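Notes for the structure review
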Amino acid sequence: MNKIQFSIDCKYFFVILAVLFSSYAQAQQTYVIDNKNNFWDKVQFGGGLGLGIGSGYTDISVMPSAIYNVNEIVSVGVGLQFGYLNSKDYYESYVYGGSLIALVNPIPEVQLSAELEQVRVNTDYKSTPYMTSYSDNFWNTALYLGAGYRTGNVTIGARYDVLYDPDKSLYGSGFMPFVRVYF
C-alpha cells in the first residue's frame, strides 16, 4: 500500500467518522429539543383510606399523597393525613398532619420506602367513675422505613417507625402493614 492510497483511505475513514458523529450529535440535539418533559407527566396521585369499626370503636383515616417520579427507580413526594378515632365513653381524637415520602424501586417488583411523618394529635378523654375528663394535645413524629411487593400501581408491604416510643407514640406498635396505590 502506498502513501497516496493510505492518505485517501484515511480521508474516507475520517469523513465516515465525521458523518457518523455529526448524525449522533444531531440525534442527541433533536432528542433534547423534542423531549419536552412535562412536570405533571411524572406526577402520580394516590394514598390510602382506613376504616376500623368495632363495638363502640371507630377509626376513620384519609391519607392523600402525590409523588414525582424522578426516574424509573426513584420517586419523592408529599402526603397529608386526617384521622378520627372514637372509643365510646372513653375518648375522641383528631389527627392531622403531613409527610415527606421517598420511594426506591431497585427492581420493578420491590419497593423500599422512607417516610417522615409529623402529625398533630388532639384527644379529649371523657369522665368516668375512675377519672375526670381532660385533653391531651401533642405533636407526633415518625420515621417509617419499609419494604413491599409492587405490581402495577399497587404496593403491599410493611413499615417500621424507627422513632417509635411506646410511651409517647400515637400508635400501639412501631410495626405497620400498608397498601399503597398511585395512579
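Residues numbered from 1 in each chain as written. Predicted model: local features only at pLDDT ≥ 70, side-chain atom pairs only at ≥ 80, totals over all residues. Heavy atoms only, no water.

Observations regarding the overall build of the protein
What counts here: Secondary structure is summarised from DSSP: a helix means a run of H or I of at least four residues, a strand means a run of E of at least two, and numbering begins at the N terminus for each. For accessible areas, the Shrake-Rupley method is used with a probe of radius 1.4 Å. Any residue's cover is judged against the shown protein chains and nothing else.
The helix and strand tally for the protein stands at 1 helix and 8 strands. In sequence order, the protein lays out its α and β elements as α-β-β-β-β-β-β-β-β. A total accessible area of about 12,400 Å² is found for the protein, and carbon and sulfur atoms account for 65% of it.

A word on the sheet that holds strand S6 (residues 134-151)
Basically, it comes down to this: For two strands to count as paired, DSSP must find a minimum of two bridges between them. For helices, the fitted line uses only the C-alpha atoms of the stretch in contact; every axis is such a line through C-alpha atoms, and the angle between N-to-C directions lies from 0 to 180 degrees.
Taken together, the 8 strands give a closed barrel; going around it, the order is S1-S2-S3-S4-S5-S6-S7-S8, and neighbouring strands pair in antiparallel fashion. Here the average twist between neighbouring strands, direction ignored, is 25 degrees. As judged from the 11 bridges shared by strand S2 (residues 57-69) and strand S3 (residues 74-87), these two strands associate in the antiparallel manner. Across the sheet, Ser65 pairs through a bridge with Gly79, a residue of S3.

Observations regarding the confidence of the model for the protein
We count it as follows: How sure the predictor is of each residue is captured by pLDDT, a score from 0 to 100. Two residues form a contact once any of their heavy atoms are found within 4.5 Å.
In the predicted model, the protein carries a mean pLDDT of 84, and the fraction of residues at 70 or more is 80%. Scored below 50 in pLDDT, residues 2-8 shows 1 contact in the model against residues more than four places distant or in partner chains. Under a pLDDT of 50 for its full length, residues 21-34 has, in the predicted model, 0 contacts with residues more than four places off or in other chains.

Some remarks on the environment of Asp124
Our working rule: Each residue is placed in one exposure class: buried if its accessible area under a 1.4 Å probe, protein chains only, is under 20% of its type's maximum, exposed if it is over 50%, and partly exposed if it falls in between. We define a polar contact as two N or O atoms separated by no more than 3.5 Å, with the added condition that, inside protein, one atom must be a possible hydrogen donor and the other a possible acceptor, whereas residues neighbouring each other in sequence contribute only through side-chain atom pairs.
Along the polypeptide, Asp124 turns up in strand S5 (residues 110-125). What makes Asp124 partly exposed here is its relative accessible area of 38%. Residues Asp124 and Asn137, 13 residues apart in the sequence, show an inter-C-alpha distance of 8.5 Å. Excluding residues that lie within four positions of it along the chain, Asp124 makes contacts with Tyr90, Tyr91, Glu92, Tyr134 and Ser135. A distance of 2.5 Å separates the side chain of Asp124 from the side chain of Ser135, its partner in a polar contact.

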